[in-house]
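Notes for the structure review
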Amino acid sequence: MLNVSVKWQKELLKAVEIDTTQPPYVFKCQLYDLTGVPPERQKIMVKGGLLKDDADWSTLGVKEGQKLMMMGTADEVVKAPEKAIVFAEDLPEEEQALNLGYGAGLFNLGNTCYMNSTIQCLHSVPELKSALIKYSHSGRSNDVDQTSHMLTIATRDLFSELDKSVKAVAPMQFWMVLRKKYPQFGQQHNSTFMQQDAEECWSQLLYTLSQSLRSTGSSESPDSVKALFGIELVSRVHCVESGEESSETESVYSLKCHISHEVNHLHEGLKHGLKSELEKNSPSLGRSAIYVKESLINGLPRYLTIQFVRFFWKRESNQKAKILRKVDYPLQLDIFDLCSDDLRKTLEAPRQRLRDEEGKKLGLKPSEKSSDSKDKDIKMSDAEGSSNGSGESSNPTPDEGAMTGIYDLVAVLTHKGRSADSGHYVAWVKQESGKWIQYDDDNPYPQKEEDITKLSGGAAHSLTCQLTMPKPTYPCFGQRSYDKGGRFSPLLISLPFFSLLFERLQLSHQRHNAFSLPSDVDTFAFGAVCGGSIGRHGGSSRGSNFSDSASGGVATFPSSGSSRGNSSANFTGLLGPAPGPTQGFSNGFLLLGVLNAKILGLGPLNYLYAIGLHFTQIKYIMDLLKRTTMLESKPISTTAISGRCLTLHDGELDIAKVITKRDHELSPLDGSLEYQRLDPSLPCKGAHSHSLLSPFCRISLSLFPFDSDFNSPFPCRFGDKNMFTKINYVSDLFVFLFLGTSL
Amino acid sequence: MAPQDPNAPSGSGSGKRNEDTVKVPAKDPKKKDDKKDEDLSEEDLELKNQLELYVERVQDTDPGVQKNALESMRQEIRTSTSSMTSVPKPLKYLRPHYGTLKAYYETMAESELKNYLADILSVLALTMSAEGERESLKYRLLGSDGDIGSWGHEYVRNLAGEIAQEFAKRQSEEAPIEELMELVQQIVAFHMKHNAEPEAVDLLMEVEDLDLLIEHVDKTNFKRTCLYLTSSARYLPGPDDVLVLDIAYTIYMKFKEYPNALQIALYLDNMQNIKNIFTSCDDLLRKKQFCYILARHGISFELDDEMVAEDDDREALQDIINNTKLSEGYLTLARDIEVMEAKTPEDIYKAHLLDGRASAGASVDSARQNLAATFVNAFVNAGFGQDKLMTVPSDASSGGSSGNWLFKNKEHGKTSAAASLGMILLWDVDSGLAQIDKYFHSKDTHVIAGALLGVGIVNCSIKNDCDPALALLGEHIDKEDPFIRIGAIMGLGIAYAGAQNEQIRSKLTPILNDAKAPLDVVTFTAISLGLVYVGSCNEEVAQAIIFALMDRSDSELGEPLARLIPLSLGLLYLGKQESVEATAEVSKTFNEKIRKHCDMTLLSCAYAGTGNVLKVQNLLGHCSQHLEKNETHQGPAVLGIAMISMAEELGVEMAIRSLEHLLQYGEQNIRRAVPLALGLLCISNPKVNVMDTLSRLSHDTDSEVAMAAVISLGLLGAGTNNARIAGMLRNLSSYYYKDASLLFCVRIAQGLVHLGKGLLTLNPYHSDRFLLSPTALAGIITLLHACLDMKAIILGKYHYILYFIVLAMQPRMLLTVDENLRPLSVPVRVGQAVDVVGQAGRPKTITGFQTHSTPVLLAAGDRAELATEKYIPLSPILEGFVILKENPDYREDN
């Protein structure tokens, strides 16, 4: 018999007797009485390990008064849940998409942001989706032409693809069909597709869908699109002079919000839009007279679309222009006072109910957001930006279809940019979860509701992004004047960017002939480029640096030889059409657009005069700046000026200002990135070396919008970080070289 | 040379004649004053004339006159050399005559007077002697052996300098040094009496006879002496540093400053000295304090009856060493600071503070994110015994919601989840084991593995008589299932780190040599052995690991995980410097895939915490080479730079600079290691410049660099709740919201920053940054080595390697206890520590302080001092647990 104490959790069981003649199991049973821990779950620590049930006490060396430790609980054993937990990582890709809570983005196929944004907005309308799903291949009735049918099918497929995919979708099929059906979207300018009006895309697409979906013959909703988007207007046309009056009804797909000086709020704009003057022949007067047309809404759709009329035609300059006035819009729109009397009567009862409920809610929960209330029918739309209306949709009212005339904002299609021909469209769509997603082509960004209302002025986003080519002139580098003696001007040549990877610009002498040089350029200073052929040709390329002396210093061609012929072939092969003197490089640019270029770092470009990256959309620049944390860097206006070193603090702060100052004289601007490698070993003639060749060695990068003519200094952003490593992800960019020409 | 009188006839040959000519005009100042004399005041002029007169008289033939003159001259000099802000006037005026006197000295016959003159020449040589001539010393040795201090400090100081030079010279010539040593004796005695301990120490170090110091230290100066000795030891090459510290130890022992002596003994890892301290001290209370210091250092130490006679006392003391009270103290701190409330991972992420991007809420659990949440939860609630995921009372919802969270992790994620319970209940063995128990009965092998690991974590740095960890884990290490084996083996490594437990060795070594054991089991076995025998240089373990490395096939050695095996070898020699050499030789025969890696690892581990600049240069050299394919040794080399130079502040600064260079010029594999090295250098010490560097790197295009930087941000701010780092990480979490791997790293880092809700530190240095806890360092570097290949290990299925960090986790607190070891709240001043080494007087040791009452948190670089006279602390360094004794002399003011 031994007496031991047993420590169990925080308790100390004193003086437990051990009968050493019995197996330890008996001891465990004793402990079971004391602690309630079943013997099989007891773990008792003795010297050398755990006490086994069949151990022999005598060999364990337990002494009188020894402290033993017992571990074990009577707790329930943990069991795995019956239903296995499903993890996001295990899901197939489609389901992961659901998981994100929002649909995928759409790739920009070349100025197709108008289309992408339109699709994203429409995609947010569940009723439209379900209607499309019902539409079948075979269900085409004869009154719908083949192209409409195809477009409908393409829309349906695209929508389902958006739902399924995690990654961005390339709407190739849809785009092709759209161009087929509406050839105007296939318009090209400088061999690239032109930016189009999202409003036009919107209305054409809706029209097509309404045609084809109506004809599916489904009995329940003969015209589902019309039910969803159609607005019935009843108009009173009144002639002031003759007192004639007539009334007519029409059905439209969107309300227009006219923007004039006195319009500050969406509501005012809508009122304006419903009132118009027209000139028509008055039967009673026998001549044309001014009629006033006042419309009221007679039938409300589920989704109300409002178009902000921001683009107009400037007659004097024969240009489309954009109105940048800020017009506020609410997250919830009540259009009751735009309705006709008849409609008002039907709206009264549901509105009363709504008010009652809200009152109740307010009483209980004053902070409850109105948008939560289910029975509210809302839709509003607004398109912001130029002439594009965008559709917005209401919460469907599932239980009682009663309309109240109050709409919640569910999607916004906006145009960023100052002018009508350029800019960028993005769509903001409210998800079922109540969250907002901004679809910027292939990138969906979650956003906050507050930000939506901040979009109210088109001017807020004043940077343009469209790719349009500057006039094909030979821009003058720096601020040199075109004097007869020796003009120094760079020639712009675009190259697909990845070509640089292969060769680090190893242009051989022969290859240069591949360029058809402008006839008026007699000496082409290729030295800068040729010099790029790395160290070992260094000697020969020395003579070929730019001479910027007024005497039109002749740059010699380096005889660097094409020792690396194979790879050079690659390079020129990618050069594409040569930039001619008049059509100019713009062609080159457009044809050579490279999607998804990868840049692996250029290595030292010893004698490169300057390289720029050209981005088709300014957002890429912003993106790049953001990624390199250079957003705060200032555009500076000096790159090309002699004898000036750049510092981070140079230049003007506002890139937009630089551009807008001369808004009308410029072709739309583009952004580019400039890269310079300044090599001290480069012989610089005398003290008046060009700044780009100035004898200090650092890599600098600047980012600047592309000017149509290079007469003025470029505003550019500058920094000495190794930005090239950051460009890896940028697709859709170009590279150009500045080469000096001496005329 | 003072300008000669322009009126003196040029070409006057002898100095004597010169003297005469000078003297004449001086007697009639109004007529023939030179410009210099015009500036002199009456008094000075008189002094000058007087001295010149003496000089003349010294050369008199009458010994009486000579003697008088010398006496007077000496009198003049002595009265003026006591303070030395500029050259004293008598010396200045005597300068022109130095040559004269020297010449005359040579002509004198041996006599007392000659010695007298030698004395004076010796003093004059102070300003006159040409560089390298050491004339001051020469004449001193020739002169009378009068009181050396009578000529003032500056003289003694100068003499000391010359002795050092002379000593070196004589040593190389093997000339006798006795007479020098005699002088040294005098000088040291003088210095020690006059608050110039650093000079005395410097001199003795130069003449390599520090033992002399012991005779000269007394109550008033031994503290400053030892302070100087210990801090200079860091900059001395071995074996001098050990010598210096031994002297310091002896001095401390002489004056019964046992806690300080103990620290030096710990620094030298000298167990015999520690025993001596216990046997020499007869105050039980002080012994308790020693035990607290030992416990903080994290070594295992057995008391015997020689050290503590009474059984009961010994048990109580051993309890302290075994850290059984750590959990209690930590919870006291937590309650005092009022942070007991458990935090959820969401409280840490603070997603609501992010604008815009708040990602649309996912409806399905993501295993990766849940795993991150598991770790964050474990880190944040470490040691608190309660959380909101794992320990929620099982009756809260049907089936126990803790089970629910556990199963929200996938496969091996469940291992980490179950083990997180160990982290939450850290140090609380009793209730920890009880709570983990139920997981042992699970049917899921991952859960069992996690429970085993959890047991190990709970027991980290705690020792228990019953050895529950060994008993529980021991029987699982040979199980079939590799997951269970790994869990048990890793648990043992964590629980017994530094214990050098024979039983564990005999259990684990067979696995190493089992050719059939999977690579991961072998790797974890090696690491566990490395941890258990950290810094022990145990040859048998080393052999076993070496064989394991040799046995492994070519392809296995190419695996990222296999690179941790050399690390385990390195751990055995952690900080042991030359002891590693034999093993390093052996490592040259390894498979070439691992050879260089092993070499670097061993080198860096062996010199970790030594500040050895030569080794740092060696490692930098390796980093500058260009790699052939598939070589991985530069990663450990970069970490090694940090490990070696983290020893002292200056080294840290220099290493940070060197690492910046590596960042710019190094190749990718170096760049990946640099953030980790930075994290190690400033662990739990959020330096702003490092923070900025890491923040920049966390956006690097190379995702592995970014991941390492993110993790390092976590290490940098570990346990500090640093708002700036927290903000950075929050922004990173939105920046990387689409990149699951990086997001995982960001989450881990967020967990680290809020480690123990900000009550913990990972810094392996403690006790005023003097001592380096080997187990803590071992834990950190194991984690960092694993982070060198983030994708394969941490982001793969071995994420539980993160739990090795538990070895370094310690409360960053000051908890004062009374004589019965109960917490006692007293006011303390906490402020930035000031370096007082070699400073005169009684300088303030802290600056910018605030007064708090204990328990308080100490940030990196903070030092505390008692703000009351009522108690006397038993440890001079107020960190961790400090016992306070009532001050018998204290009188309440009133």
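Residues numbered from 1 in each chain as written. Chains lettered and ligands numbered in written order. Predicted model: local features only at pLDDT ≥ 70, side-chain atom pairs only at ≥ 80, totals over all residues. Heavy atoms only, no water.

Under an unreviewed UniProt entry, the name given to chain B is 26S proteasome non-ATPase regulatory subunit 2 homolog, and the source organism is Pyrus ussuriensis x Pyrus communis. What UniProt states about chain B under its Sequence similarities (unreviewed entry) heading is, verbatim, "Belongs to the proteasome subunit S2 family." Recorded in UniProt for chain B, the comment headed Function (unreviewed entry) runs: "Acts as a regulatory subunit of the 26 proteasome which is involved in the ATP-dependent degradation of ubiquitinated proteins." (UniProt positions renumbered as here; feature names shortened; annotations may be inferred.)

Looking at an unreviewed UniProt entry, chain A carries the name Ubiquitin carboxyl-terminal hydrolase, with the source organism given as Pyrus ussuriensis x Pyrus communis. Listed under Subunit (unreviewed entry) in UniProt, the entry text for chain A is "Interacts with calmodulin (CaM)." One UniProt comment on chain A, placed under Catalytic activity (unreviewed entry), says "Thiol-dependent hydrolysis of ester, thioester, amide, peptide and isopeptide bonds formed by the C-terminal Gly of ubiquitin (a 76-residue protein attached to proteins as an intracellular targeting signal)."

Here we look at the overall build of chain B
Of the regular secondary structure elements, chain B holds 44 helices and 11 strands. In chain B, which comprises 894 residues, the share counted as buried stands at 58%. Of the contacts formed within chain B by residues at least 6 apart in sequence, a portion of 71% connects residues at least 24 apart. Counting every atom, chain B has about 35,500 Å² of accessible surface; 47% of that belongs to carbon and sulfur. (Helix = DSSP H or I, 4+ residues; strand = E, 2+ residues; numbered from the N terminus. Buried < 20%, exposed > 50% of the residue type's maximum accessible area, 1.4 Å probe, protein only. Contact = heavy atoms within 4.5 Å. Areas by Shrake-Rupley, 256 points an atom, 1.4 Å probe, with all protein chains shown as cover.)

What to know about the overall build of chain A
A tally of regular secondary structure across chain A gives 20 helices and 30 strands. Every one of the 743 residues in chain A was classed for burial, and the buried ones make up 52%. In chain A, of all internal contacts separated by at least 6 residues, the share reaching a separation of at least 24 is 70%.

Here's the deal with the side chain of B:Ser528
Residue position: B:Ser528 is located in helix H30 (residues 519-532). Those residues in contact with B:Ser528 that lie beyond four places of it in its chain are B:Ile489, B:Met490, B:Gly493 and B:Leu508.

Some details on the environment of B:Thr610
All names here are of chain B. Note on placement: Thr610 falls in the loop between helix H35 (592-606) and helix H36 (613-623). Between the C-alpha atoms of Thr610 and Met643, which are 33 residues apart in sequence, the distance is 8.5 Å. Not counting the four nearest positions on each side in its chain, Thr610 is found in contact with Gln577, Ile644 and Ala647. In this structure the side chain of Thr610 is engaged in a polar contact, spanning 2.7 Å, whose partner is the backbone oxygen of Tyr607. (Polar contact = N/O pair within 3.5 Å; in protein donor to acceptor, adjacent residues only side chain to side chain.)

Points about the packing of aromatic side chains
Summed over all chains, the structure comprises 16 aromatic pairs over all chains. For the pair B:Tyr267 and B:Phe770, a centre-to-centre distance of 4.9 Å together with 20° between the ring planes defines the contact as stacked. Placement of B:Tyr267 in helix H16 (residues 258-267) and of B:Phe770 in the loop between strand S2 (765-766) and strand S3 (771-772) is noted, with a sequence separation of 503 residues between them. Taking the centre distance of 5.6 Å and the plane angle of 85° together, the rings of B:Phe278 and B:Phe290 count as edge-to-face. With a gap of 12 residues between them, B:Phe278 in helix H17 (residues 271-280) and B:Phe290 in helix H18 (residues 284-297) connect regions that are remote in the sequence. Summarising the burial analysis for this pair, B:Phe278 and B:Phe290 share the class buried. Among the aromatic residues, those joined into a cluster by ring pairs are B:Tyr258, B:Phe278, B:Phe290 and B:Phe301. Between A:Arg179 and the ring centre of A:Trp175, over which it is positioned, the NZ or CZ distance is 4.2 Å. The cationic tip of B:Arg368 hangs over the ring face of B:Phe744; the distance from NZ or CZ to the ring centre is 5.6 Å. (Phe/Tyr/Trp six-rings, centres within 6.5 Å; stacked < 30°, edge-to-face > 60°. Lys NZ or Arg CZ within 6 Å of the ring centre and 35° of its normal.)

Quick notes on the packing of helix H37 (residues 634-645) of chain B against helix H38 (residues 649-665) of chain B
All names here are of chain B. Where H37 contacts H38, the axes come no closer than 9 Å and their chain directions differ by 165°. With respect to H38, the axis of H37 lies roughly antiparallel. Along this stretch, H37 crosses H38, giving a crossing that reads as right-handed. On the side of H37, the interface is formed by Val638, Ile641 and Ser645, while H38 contributes Gly651, Val652, Ala655, Leu659 and Leu662. (Axes fitted to C-alpha atoms, helices over the stretch in contact; angles between N-to-C directions. Parallel < 35°, antiparallel > 145°, perpendicular 65-115°, else oblique. Left-handed = near helix turned anticlockwise from the far one by under 90°.)

Overview of helix H41 (residues 703-716) of chain B
Residues and elements named next belong to chain B. For H41, which comprises 14 residues, the first-to-last C-alpha distance of 19 Å matches the rise-based estimate of 20 Å (1.5 Å per residue) to within 8%. Most of H41 sits out of view: 13 of its 14 residues are buried. Its side-chain oxygen placed 2.8 Å from the backbone nitrogen of Glu704, Asp702 serves as the N-cap of H41. (Expected span 1.5 Å × (residues − 1).)

Quick word on the state of the cysteines
All names here are of chain B. For the structure shown, the criterion picks out zero disulfides over all chains. Just so you know, Cys605 is unpaired, no disulfide at all, and the nearest cysteine sulfur is the one on Cys598, 9.7 Å from it. Exposure remark for Cys605: the relative accessible area of 0% places this residue in the buried category. (Disulfide = S-S within 2.5 Å.)

Concerning a nonpolar patch on the surface
Residues B:Tyr235, B:Leu650 and B:Met654 make up a contiguous nonpolar surface patch of roughly 350 Å² in combined accessible area. Inspection of the secondary structure assignment puts B:Leu650 in helix H38. (Patch = residues over 30% accessible without salt bridge, like charges linked within 9 Å, V, L, I, M, F, W, Y side chains within 5 Å. Salt bridge = Lys/Arg side-chain N within 4 Å of Asp/Glu carboxyl O.)

Points about the nonpolar core
All names here are of chain B. Counting residues in hydrophobic clusters, the biggest one holds 302 residues, and the most contacted among them are Leu213, Met423, Tyr803 and Met809. At 11 residues, the largest contribution of residues to this core is made by helix H8 (residues 112-128). With sequence-adjacent residues up to four places away left out, Tyr803 is seen in contact with Thr374, Phe375, Ala378, Ser416, Ala419, Ser420, Met423, Leu453, Ile457, Met490 and Ile494. (Core = buried A, V, L, I, M, F, W, Y, C linked by side-chain atoms within 4.5 Å.)

Considering the sheet that holds strand S12 (residues 287-299) of chain A
To summarise the sheet geometry, strands pair through backbone hydrogen bonds and adopt either a parallel or an antiparallel arrangement. All names here are of chain A. Spatial ordering of the open sheet is given by S9-S8-S12-S11, a layout of four strands whose pairing is antiparallel. Edge positions in the sheet fall to strand S9 (245-252) and strand S11 (275-282), since each of these pairs with one other strand and no more. If you compare each strand with its neighbour and ignore which way they point, the axes differ by 35° on average. In terms of strand pairing, strand S8 (residues 231-239) meets S9 through eight bridges, oriented antiparallel. Considered in S9, the bridge of Ile231 is made with Val252. (Pairing = 2+ DSSP bridges.)

Points about the sheet that holds strand S11 (residues 880-886) of chain B
Residues and elements named next belong to chain B. Taken together, the four strands give an open sheet; going across it, the order is S8-S5-S11-S10, and neighbouring strands pair in mixed fashion. Since the sheet does not close on itself, it has two edges, and those belong to strand S8 (856-857) and strand S10 (871-873), each with one partner. Across three bridges, the pairing between S10 and S11 is antiparallel. Looking at the pairing, Pro873 lines up with Leu884 of S11. In this fold H18 packs onto strand S5 (813-817) and S11, with an angle of close to 165° to the strand it touches most, S11. Contacts from helix H20 (residues 326-337) reach S5, S8 and S11 within the one sheet, and its direction differs from that of S5 by about 105°.

Overview of the packing of helix H14 (residues 222-233) of chain B against helix H15 (residues 240-254) of chain B
All names here are of chain B. Two elements in contact, H14 and H15, have axes whose closest approach is 9 Å; the angle formed by their N-to-C orientations is 160°. Put simply, H14 runs roughly antiparallel to H15. Note that H14 runs across H15; the crossing there is left-handed. Seen from H14, the contacting residues are Phe222, Lys223, Cys226, Leu227, Leu229, Thr230, Ser232 and Ala233; seen from H15, they are Asp241, Val244, Leu245, Ile247, Ala248, Ile251 and Tyr252. In the contact of H14 with H15, the residues fall into 11 nonpolar, two polar and two charged. (Nonpolar A, V, L, I, M, F, W, Y, C, P; charged D, E, K, R; others polar.)

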